[in-house]
Amino acid sequence: MAKTLDAIVIGTGQAGPSLAVRLANAGRKTAIIERKLVGGTCVNNGCIPTKTLIASARAAHVARSGADFGVTLDGAVGVDMRRVKARKDAVVQKSNQGVTDWLKGTPNVTLIMGHARFGGPHAVRVNGELLEAPQIFVNVGGRATIPDMPGIDSVPFLTNSTMMEVDFLPEHLVIVGGSYIGLEFAQMYRRFGSRVTVIEMGPRLIGREDEDVSQAIKEILESEGIAFRLNATCMSLAKRSDGVAVNMSCDEEPREIVGSHVLLAVGRVPNTDDLGLDKAGVKTDARGYIVVDDELKTNVPGVWALGDANGRGAFTHTSYNDYEIVAANLLDGETRRVSQRIPTYALFIDPPLGRAGMTEREVRESGRKALIGRMQMTRVGRARERSETKGFMRILVDAATKKILGAGLLGIEGDEVIHCILDVMSAGAPYTVLQKTMHIHPTVSELVPTLLGDLKPLT
Ligand SMILES: Cc1cc2nc3c(=O)[nH]c(=O)nc-3n(C[C@H](O)[C@H](O)[C@H](O)COP(=O)(O)OP(=O)(O)OC[C@H]3O[C@@H](n4cnc5c(N)ncnc54)[C@H](O)[C@@H]3O)c2cc1C
């Protein structure tokens, strides 16, 4: 006998809990199902723990740089990895508990712990029970890709999830993958005191960014002692008495790098392979992402997909924005769409990269007439005062409409400052609005109007 509800949410990622609570507050009986950790990736093994660990790593870095600021320490700076992990665990536990309590304490919401699988277009089976609802929302997220690399089955390796259990200092951490997740772990562990090597298949780091950004990031990380091996296109793994060897049989040297530990950070796959989607008739693309329209509806009426599993974003803010879109359309009579949002994200190395809209390469490829402003962080007073002058800011403007097309801020506070640009883009206002706004001195943001006052044609 099936239990009937008004709505079922599968997964407690960054969209599911908020949506379940909104639906419940609108009087709809809602079940939300989680197979592992309430709060999903961001809370348990993604954004929150990594940024908490990054904060410990930065504290070590600042302590080591104390002498440059006239601050002296008696003895060397040490890092106690057990305490670093305990601090991270405490922050994660609070967030995880907060989401759990919120769901359990909301009338009309039932939190069910178990693995959910579709039993039909409007039916879900969990813990042997069949639930039915006219509306089902899939928020199952993704997990680390385990590459099909020779030797992978015979060596121990780490992923972003198992890294959360590390309470010791790896002597030499080899990170396969030179993109966002890999680079954040690279700087973090280097600052904890490990030797770190990043191995990247492509010719440069974070290939989606402009080339000068990739180069500047490489130089920043190299200046802290991180080693890179690019163009590693033919990798295999092998066990060694002192750790794991990553072999690269391609042309460039070195052909082998042995690490005490290997972290795989080569991408993510959606958690859609064990969800019974075929029973519901929900379509996925070739990579397993659930196909959705601009309002996040799947091909099956009454079934939506939100967050990383729909392939329309890979961030906490895109997942949360998915929730806002679905809730506004279902409950507030609005017509919000995914295509209305401006792509934005950050790379949380130090200094961070804040990004919004198009890259310079994308603007060039679009063929439109554009203006460009570029400024080294050495010109920014706040950066000089803090002795953190690495990086540069770039902004691109449409020459005809005067609207901002995109920006990349690689430098101190770049992840915060990007929002003043993002908000003007979202308002659809010309760049001159921002250029004429008086900003506070001495901040990084005060240089944004200056940058906009010095635009040149993009040639
Ligand atoms: C190391 C790392 C760092 C990151 N840092 C950032 C950052 O700084 N900023 C940022 O914006 N993003 C970051 N991200 C990405 C971010 O974590 C995700 O984009 C975000 O969590 C959104 O995911 P989601 O809502 O799609 O689902 P998830 O958070 O992945 O949650 C999905 C949930 O569904 C559950 N589930 C899956 N299948 C089933 C099933 N069949 N039955 C029941 N439950 C199921 C899972 O157990 C999981 O709890 C990071 C990711 C990683 C890995």
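Please refer to the structure higher up on the page.
Positions within a chain are numbered from 1, following the residues in the order the chain's sequence is written. At least 70 in pLDDT is required for a residue's local features to be given in this predicted model, at least 80 for side-chain atom pairs to be given and counted, and no such filter applies to totals for whole chains, interfaces and linings, which use all residues. The side-chain quantities take in all heavy atoms of the structure and omit both hydrogens and water.

S.K.: Please give an account of the pairing of strand S22 (residues 392-398) that cites residues and values.
M.R.: Categorising residues by exposure relies on relative accessible area from a 1.4 Å probe, with only protein chains included: less than 20% of the type maximum marks a residue as buried, more than 50% marks it as exposed, and the intermediate range marks it as partly exposed. Where helices and strands are cited, they refer to DSSP runs of H or I of at least four residues and of E of at least two residues respectively, numbered from the N terminus. With seven of its seven residues buried, S22 lies for the most part within the structure. Bridge count for S22 against strand S23 (residues 404-410) is six bridges, and the pairing is antiparallel. The residue bridging Phe392 from the neighbouring strand is Leu410, located in S23. Two strands qualify as a pair provided DSSP detects at least 2 bridges between them. Here S22 hands over to S23 after five residues, with Lys402 in that stretch at a positive phi of 65°.

S.K.: Tell me about the nonpolar core, and please be specific about residues and values.
M.R.: Buried residues of nine kinds, namely Ala, Val, Leu, Ile, Met, Phe, Trp, Tyr and Cys, make up a nonpolar core once their side-chain atoms join them within 4.5 Å. Counting residues in hydrophobic clusters, the biggest one holds 48 residues, and the most contacted among them are Ile8, Ile10, Leu103, Phe118 and Phe137. At five residues, helix H1 (residues 16-25) tops the list of elements feeding residues into this core. Setting aside chain neighbours within four positions, we find Ile10 in contact with Ile33, Ala116, Phe118, Val124, Ile136, Phe137, Val138, Asn139, Val140 and Leu275. Within the second largest apolar cluster, 38 residues are counted, among which are Leu158, Leu221, Phe228 and Leu263. Pairs of residues are marked as contacts when any of their non-hydrogen atoms sit within 4.5 Å.

S.K.: Tell me what's going on with the sheet that holds strand S2 (residues 7-10), and back it up with residues and numbers.
M.R.: Spatially, five strands are ordered S4-S3-S2-S8-S18 in an open sheet, and the strand pairing comes out parallel. Every interior strand has two partners, whereas the edge strands, strand S4 (109-113) and strand S18 (303-305), have only one. Taking the axes of each pair of neighbouring strands and ignoring which way they run, one obtains an average angle of 15° across the sheet. Where strand S8 (residues 135-138) meets S18, three bridges bridge the pair, whose relative direction is parallel. Counterpart to Phe137 in the pairing with S18 is Trp304. Against the sheet, H1 engages S2, strand S3 (30-34), S4 and S8, with an angle of about 165° to S3. Note on geometry: axes are C-alpha line fits, over the in-contact stretch for helices, and angles between N-to-C directions span 0 to 180 degrees.

S.K.: An account of the site of the ligand is requested, with residue identities and associated values reported.
M.R.: We call a residue near a given molecule or strand whenever any one of its heavy atoms falls within 4 Å of it. In the vicinity of the ligand there are 38 residues, among which Glu34, Thr41, Lys51, Asp308 and Ser319 approach most closely. At 2.8 Å, a backbone N or O of Gln14 approaches an oxygen atom of the ligand. Method for areas: the Shrake-Rupley scheme with a 1.4 Å probe, in which residue coverage is limited to the protein chains shown. When the free accessible area of the ligand is taken as 990 Å², the share hidden by the protein chains comes to 93%. Put simply, the parts of the chain that give the shell around the ligand at least two residues each are S3, helix H2 (40-44), helix H3 (47-64) and helix H8 (316-331). Classes in brief: Ala, Val, Leu, Ile, Met, Phe, Trp, Tyr, Cys and Pro nonpolar; Asp, Glu, Lys and Arg charged; the others, Gly included, polar. Grouping the constituent residues of the shell around the ligand by class yields 12 nonpolar, 20 polar and six charged. Nitrogen and oxygen atoms within 3.5 Å of one another constitute a polar contact, given that in protein one can donate a hydrogen and the other can accept it, and given that sequence-neighbouring residues count only through two side-chain atoms.

S.K.: Go over the packing of H3 against helix H5 (residues 180-192), please, and point to the residues and values.
M.R.: Between H3 and H5, whose axes approach to 8 Å, the crossing angle comes to 40°. Relative to H5, the element H3 lies oblique. Crossing geometry of H3 relative to H5 is assigned as left-handed. Residues Thr50, Lys51, Leu53, Ile54, Ser56, Ala57, Arg58, Ala60, His61 and Arg64 of H3 lie in contact with H5, whose contacting residues are Glu184, Phe185, Met188, Arg191 and Phe192. Classifying every residue of the contact of H3 with H5 gives seven nonpolar, three polar and five charged. Angles are sorted into four bins: roughly parallel if under 35 degrees, roughly antiparallel if over 145, roughly perpendicular if 65 to 115, and oblique for all others. Left-handed is the label given to a crossing in which the near helix is rotated counterclockwise from the far helix by less than a right angle, and right-handed is the label when the rotation is clockwise.

S.K.: Break down helix H6 (residues 211-223) for me, citing the residues and quoting the values.
M.R.: Taking 1.5 Å as the rise per residue, H6 with 13 residues should run 18 Å; its terminal C-alpha atoms sit 18 Å apart, in good agreement. Looking at the buried positions of H6, the neighbouring elements they touch are H5, strand S12 (227-229), strand S19 (344-347), strand S20 (353-357), S22 and S23. Gly225 sits one or two residues past H6 and shows a positive phi near 100°. One less than the number of residues in a helix, times 1.5 Å, gives the span that helix is expected to have.

S.K.: Tell me about the environment of Asp285, residues and numbers included.
M.R.: Here Asp285 is to be found in the loop between helix H7 (277-280) and S18. Expressed as a C-alpha distance, the spacing of Asp285 and Gly311, which sit 26 residues apart in the sequence, is 9.2 Å. A distance of 2.9 Å separates the side chain of Asp285 from the backbone nitrogen of Arg287, its partner in a polar contact.

S.K.: Describe the pattern of salt bridges, and please don't skip the residues or the numbers.
M.R.: Salt bridge, as applied in this entry: a Lys or Arg side-chain nitrogen positioned within 4 Å of an Asp or Glu carboxyl oxygen. According to the stated counting rule, one finds 29 salt bridges in the structure shown. Where Asp350 meets Arg58, a salt bridge forms, and the shortest distance between an N and an O atom there is 2.6 Å. Here the residue Asp350 occupies a position in the loop between S19 and S20, and Arg58 occupies one in helix H3, the gap between them amounting to 292 residues. Judged by its relative accessible area of 13%, Asp350 is buried.

S.K.: Outline the packing of H1 against H8, supporting the account with residue identities and numerical values.
M.R.: Close contact between H1 and H8 brings their axes to 9 Å; oriented N to C, the two are set at 20°. Classified by the angle their axes make, H1 and H8 are roughly parallel. In this structure, the crossing between H1 and H8 has a hand that is right-handed. Between H1, through Ser18, Leu19, Arg22 and Leu23, and H8, the contact on the second element is made entirely by Tyr320, Tyr323, Val326, Ala327 and Leu331.

S.K.: Now, about the state of the cysteines: what can you tell me, with residues and values included?
M.R.: Cysteine sulfur pairs qualify as disulfides if the two atoms are within 2.5 Å. For the structure on display, the rule yields one disulfide. Residue Cys42 pairs covalently with Cys47 via a disulfide, S to S 2.4 Å. For the disulfide bridge between Cys42 and Cys47, the dihedral angle about the S-S bond is near -135°, and by the sign convention the bridge is left-handed.

S.K.: Break down helix H4 (residues 81-104) for me, citing the residues and quoting the values.
M.R.: Helix length check: H4 (24 residues) gives 34 Å between terminal C-alpha atoms against 34 Å at 1.5 Å per residue, within 8%. Taken as a whole, H4 has its buried residues at Met81, Val84, Lys85, Lys88, Val92, Asn96, Val99, Thr100 and Leu103. On its buried face, H4 is in contact with H1, S3, H2, H3, S4 and H5. N-cap assignment for H4: the residue whose side-chain oxygen lies 3.1 Å from the backbone N of Arg82 is Asp80.

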